[in-house]
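Summary of the model geometry
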Amino acid sequence: MTRAPKDDDVEYERAFHRAQVELVKFQKHVIKHGQKVLLIFEGRDAAGKDGTIKRIVEHLSPRETRVVALGTPSDRDRKSWYFQRYVEHLPIAGEIVLFNRSWYNRAGVERVMGFCTEQEYDEFMQTVSTFEQLLAHCGFTILKYYLDISRKEQERRLTRRRKDPLRQWKLSPIDAKATKHWDHYSEARNEMLSRTHGVFAPWIVVRADDKRAARLNVIRDVLSRCEFHGKNRHGELPDPNLVSLFDESHLKSGMIAD
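Let me sum up the structure you'll find in this document.

Each value, and the rule that gives it
Residues numbered from 1 in each chain as written. Predicted model: local features only at pLDDT ≥ 70, side-chain atom pairs only at ≥ 80, totals over all residues. Heavy atoms only, no water. Buried < 20%, exposed > 50% of the residue type's maximum accessible area, 1.4 Å probe, protein only. Helix = DSSP H or I, 4+ residues; strand = E, 2+ residues; numbered from the N terminus. Pairing = 2+ DSSP bridges. Salt bridge = Lys/Arg side-chain N within 4 Å of Asp/Glu carboxyl O.

**Remarks on the pairing of strand β3 (residues 95-100)**
Taken across its six residues, β3 has six buried, putting it largely inside the fold. Relative to β3, strand β1 (residues 36-43) runs parallel, the two sharing six bridges. Directly across from Ile40, in β3, lies its bridge partner Phe99. Relative to β3, strand β2 (residues 65-68) runs parallel, the two being bridged by four bridges.

**Things to note about the pattern of salt bridges**
Per the stated rule, a full pass over the model turns up 21 salt bridges. Its salt-bridge partner being Glu236, residue Arg18 comes within 2.8 Å of it at the nearest N-O pair. One end of the pair, Arg18, is in helix α1 (residues 7-33); the other, Glu236, is in the loop between α10 (211-225) and β6 (243-245), and 218 residues separate them in sequence. For Arg225, the salt bridge is made with Asp221, and the minimal N-O distance between the two is 2.7 Å. Here Arg225 and its partner Asp221 are both found in helix α10, four residues apart, which amounts to about one turn of the helix.

Encoded structure:
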């Protein structure tokens, strides 16, 4: 027997439909004016990056939309300039590209798991803002989203992932160590946000324990930060309690999980 949708389910889907209509308008503007839009999604394992990206691209043109989720770097990648393998995936004129993890792997997973040296980490942290400033000067629109979840919620999602045969593809050796290294990831996250938040490519923090609310509010945030023809000036704004520009005070206010 099929469960009748609740009122809040219906309202959520209506709100999501309105937001996705605006996304289509935005993409038409991007294509017409040859804009280059880059959306970066970072966060702990099981933070909801896959689902958020999936809902964003759901009704966008596949010819002008790309999702980039790079695997383990090859031997050649390791010998190249660190940013080199990401550059080839940047959007061309008229494209929207979404990075499911990005060059910030070096500030997160690689840093915590020891996959890079201290020298490589320091070099990255000293140059990434300059790299992003160059991209901004070259006409790229860069929005960086950090999806933040609580320790309890991460454990719940990883447990479900292990038990659900349809989610087995999401499992990785890194997942098994995610909760064990919670504090180390927190320290790496805090340093990353503090040192790489800037005018040209600011960090936008999303409280993502509620997947549905996070997805809807990320889309609303993207729309609120971009100008495009036909934009609904009376459209819904993101909830500031769920999505906001990073601020040092977040590290102590509870906006970001300890």
